[in-house]
Amino acid sequence: MLTEGLLALADDLSGAVETAACLRPLGRSTTVELSGPNSAPLAHNAQGVVVADLDNRALPAAEASQLAREALREQGGRPVFIKIDSQLRGPVAAVLGAAADRPLVVAPALPALGRTVAGGVAHVRGVPLHLSDGWRVEGTAPPRSVAEALSPLPCRGIALETVRSDALAGAIAECLAAGRVPICDGETDADMDAVVAATPDGARLAGSGGLAAALGRTAPAPVAENPHPATGNPLLMVVGTGSPTAAEQLRLAELRGTRVLDHTGEIVPRALAALEHGPVALRIDPSEPIAPERSRERARGLAATAARIVEGCPSPVDLVLTGGETARLVLDALGVRSLSPVGQVHHGAVVCRTPEGTSVVTRPGSFGEADSLARIVEHLSPAGIERLPQ
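As a starting point, this report considers the structure included with it. (Residues numbered from 1 in each chain as written. Predicted model: local features only at pLDDT ≥ 70, side-chain atom pairs only at ≥ 80, totals over all residues. Heavy atoms only, no water.)

A few words now on the overall build of the protein chain. Of the regular secondary structure elements, the protein chain holds 13 helices and 18 strands. Here the C-alpha atoms of the protein chain give a radius of gyration of 20 Å, agreeing with the 21 Å that 2.2 N^0.38 yields for 390 residues. Considering the protein chain as a whole, with its 390 residues, one finds that 55% of them fall into the buried category. Taking the intrachain contacts of the protein chain between residues at least 6 apart in sequence as the baseline, contacts between residues at least 24 apart amount to 69%. (Helix = DSSP H or I, 4+ residues; strand = E, 2+ residues; numbered from the N terminus. Rg over C-alpha atoms; globule rule 2.2 N^0.38 Å. Buried < 20%, exposed > 50% of the residue type's maximum accessible area, 1.4 Å probe, protein only. Contact = heavy atoms within 4.5 Å.)

What follows is the structure, given as structure tokens:
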């Protein structure tokens, strides 16, 4: 697959930034654009990579499809990568249906996080997706197969043994010639590399960060991870998920000196006072029940509060934003329209710079080990870090 001037479309901001970090080796520059229903047309960077966050994860299928069609309409022959959620959440079928006006190859596995596809079924650390808790706050049942998630697109599975054989390119070509979308099994990075190598020029690729990373590995030389100096700004973390994983990550960050505040009551003055002494994490009130129908409303409230804290601080503030919906809402509230990735703390925890020079780390809510947030704080070396216990 040709990659010069690549356009990538993502369904949420943390996924867009994850994708941009994976694709950095392919271009002289990589930009994340915060796109959406009311945004300007996407830029065309002939010598770089543009990743657009369409912010369509929570949209109805018809709206998500229309957004994707509009983003693709004026791209001509430019190569395209469609970032989908590794757990197949969101309007996946609608978005891929919009992209399937050209040959399309799908491989959703994300080996780095133990998310694999075998026999056409997505798995989370060996457990079939429909038997896992990956969709526990979605309000609907997860698909039992990737093909079910893509319905009504005509699909055909490519088994793992074929992915790992010399027959892969022929199998993909046969699928495409028959007007079907090949869905490739995958368990390892090598499987993802094989899919990229076997995809014919002119076809579009769709997958998670695992496939984006495989595309990035096709670059002739790796991008040097030059250390970027810490800004020394105050640091505000905004954690928009109540998952047990996030709770443990916050607990360890708190043990290492981060002040954790619940989003309840008149929190802004307390947060501003705490920022004078070190990193602050703002989280949803853990006593509030998780209700899927209130998720967007709760995230908007959290984002509005975070924006008030940033705007009320006398100095620039660096941000750590977990969860794509939360991250997008916070940056929208602050008027941030683009980001430039500069490195990763760990897979998916991507450090970006805003046009104003502040640091923003985004990370999907379900990513990272127990020390993820603590590692991010250590990496950013924010104001007050010297007061943290060693």
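This next bit is on the sheet that holds strand β6 (residues 115-118). The strand order across the open sheet built from three strands is β6-β7-β8, with neighbouring strands paired in antiparallel fashion. Every interior strand has two partners, whereas the edge strands, β6 and β8 (127-128), have only one. Of the pairings in the sheet, the one linking β6 to strand β7 (residues 121-124) comprises four bridges and is antiparallel in character. Its bridge partner lying in β7, Val 117 is registered against Ala 122. (Pairing = 2+ DSSP bridges.)

Glancing now at empty space enclosed by the protein. Scanning the model with the defined rule gives one cavity of 30 Å³ or more in all. Put simply, the largest cavity is a space of about 80 Å³. Around the largest cavity, the lining residues are Leu 9, Ala 10, Asp 11, Asn 56, Ile 82, Lys 83, Ile 84, Arg 89, Gly 90, Pro 91, Val 92 and Val 95. Elements with a contribution of two residues or more to the lining of the largest cavity: β1 (7-10), β4 (80-83) and α3 (92-99). Tallied by class, residues from the lining of the largest cavity come to seven nonpolar, two polar and three charged. (1 Å grid on protein atoms, 1.4 Å probe; cavity = no way out; pocket = protein on both sides within 12 Å on 5 of 7 lines; lining within 4 Å. Points joined across faces, edges and corners; volume = space filled by probe spheres on them. Nonpolar A, V, L, I, M, F, W, Y, C, P; charged D, E, K, R; others polar.)

This part is about the pattern of salt bridges. Following the criterion strictly, the structure yields 15 salt bridges and no others. With its nearest N and O atoms 3.4 Å apart, the salt bridge here joins Asp 12 to Arg 57. With Asp 12 in the loop between β1 and α1 (13-23) and Arg 57 in the loop between β3 (49-53) and α2 (61-73), this residue pair connects regions lying 45 residues apart in the sequence. Note on Asp 12: relative accessible area 8%, which makes it buried. (Salt bridge = Lys/Arg side-chain N within 4 Å of Asp/Glu carboxyl O.)

You can see Ser 208 is positioned in the loop between β11 (204-207) and α8 (209-216). Using a relative accessible area of 0% as the deciding quantity, one classes Ser 208 as buried. Polar side-chain contacts of Ser 208 include one of 2.9 Å to the backbone oxygen of Ala 109. Setting aside residues no more than four positions away along its own chain, Ser 208 makes contact with Phe 81, Lys 83, Ile 84, Ser 86, Ala 107, Pro 108, Ala 109 and Leu 110. (Polar contact = N/O pair within 3.5 Å; in protein donor to acceptor, adjacent residues only side chain to side chain.)

This paragraph deals with the nonpolar core. Of all hydrophobic cores here, the largest spans 101 residues; its most connected members are Leu 96, Leu 150 and Leu 236. Looking at which element gives the most residues to this core, the answer is α1, with seven residues. Discounting chain neighbours no more than four positions away, the residues touching Leu 96 are Ile 82, Ile 84, Leu 104, Val 106, Leu 150, Leu 153 and Ala 206. Counting residues in each nonpolar core, the second largest holds 18 residues, with Leu 235, Ala 246, Leu 250 and Val 377 among its members. (Core = buried A, V, L, I, M, F, W, Y, C linked by side-chain atoms within 4.5 Å.)

What follows covers the packing of α1 against α8. Between α1 and α8, the least distance of the axes is 7 Å, while the angle of their chain directions is 20 degrees. Comparing their axes, α8 and α1 come out roughly parallel. α1 and α8 meet at a crossing whose hand is right-handed. The segment α1 lies against α8, with Glu 18, Thr 19, Cys 22 and Leu 23 engaging Gly 209, Ala 212, Ala 213, Leu 215 and Gly 216. For the contact of α1 with α8, the residue count by class is five nonpolar, three polar and one charged. (Axes fitted to C-alpha atoms, helices over the stretch in contact; angles between N-to-C directions. Parallel < 35°, antiparallel > 145°, perpendicular 65-115°, else oblique. Left-handed = near helix turned anticlockwise from the far one by under 90°.)

Note on placement: Ala 194 falls in helix α7 (residues 189-198). By relative accessible area, Ala 194 is classed as partly exposed at 24%. Along the backbone, Ala 194 and Ser 165 are 29 residues apart, and their C-alpha atoms lie at a distance of 8.9 Å. Ala 194 has contacts with Val 163 and Leu 168, leaving out every residue within four places of it along the chain.

A few words on the pairing of strand β15 (residues 318-322). The buried fraction of β15 amounts to five of the five residues, a majority that puts the element mostly inside the structure. Burial of β15 is two-sided: the residues Asp 318, Val 320 and Thr 322 facing one way and the residues Leu 319 and Leu 321 facing the other way are all buried. As paired elements, strand β12 (residues 235-239) and β15 share five bridges and run parallel to each other. Opposite Val 238, over in β15, you have Leu 321 as the bridge partner. Pairing of β15 with strand β18 (residues 359-363), which is carried by four bridges, proceeds in the parallel orientation.

We now examine helix α9 (residues 244-255). Its 12 residues place the ends of α9 17 Å apart at the C-alpha level, agreeing with the 16 Å of an ideal helix rising 1.5 Å per residue. Looking at the packing, one finds that the buried side of α9 touches β12, β13 (259-263), β14 (280-284), β18 and α13 (372-380). Gly 257 sits one or two residues past α9 and shows a positive phi near 115 degrees. (Expected span 1.5 Å × (residues − 1).)

Turning our attention to unusual backbone geometry. Omega for the bond connecting Ser 151 with Pro 152 falls within 30 degrees of zero, at 15 degrees, which places this linkage in the cis form. In this fold, Pro 152 is placed in the loop between α4 (146-150) and β9 (155-158). In the Ramachandran plot, Asp 55 falls in the positive-phi region, its phi being about 55 degrees despite a non-glycine side chain. Within the element layout of this structure, Asp 55 appears in the loop between β3 and α2. Unusually for a residue other than glycine, Leu 88 sits at a positive phi of about 65 degrees. Tracing the backbone shows Leu 88 in the loop between β4 and α3.

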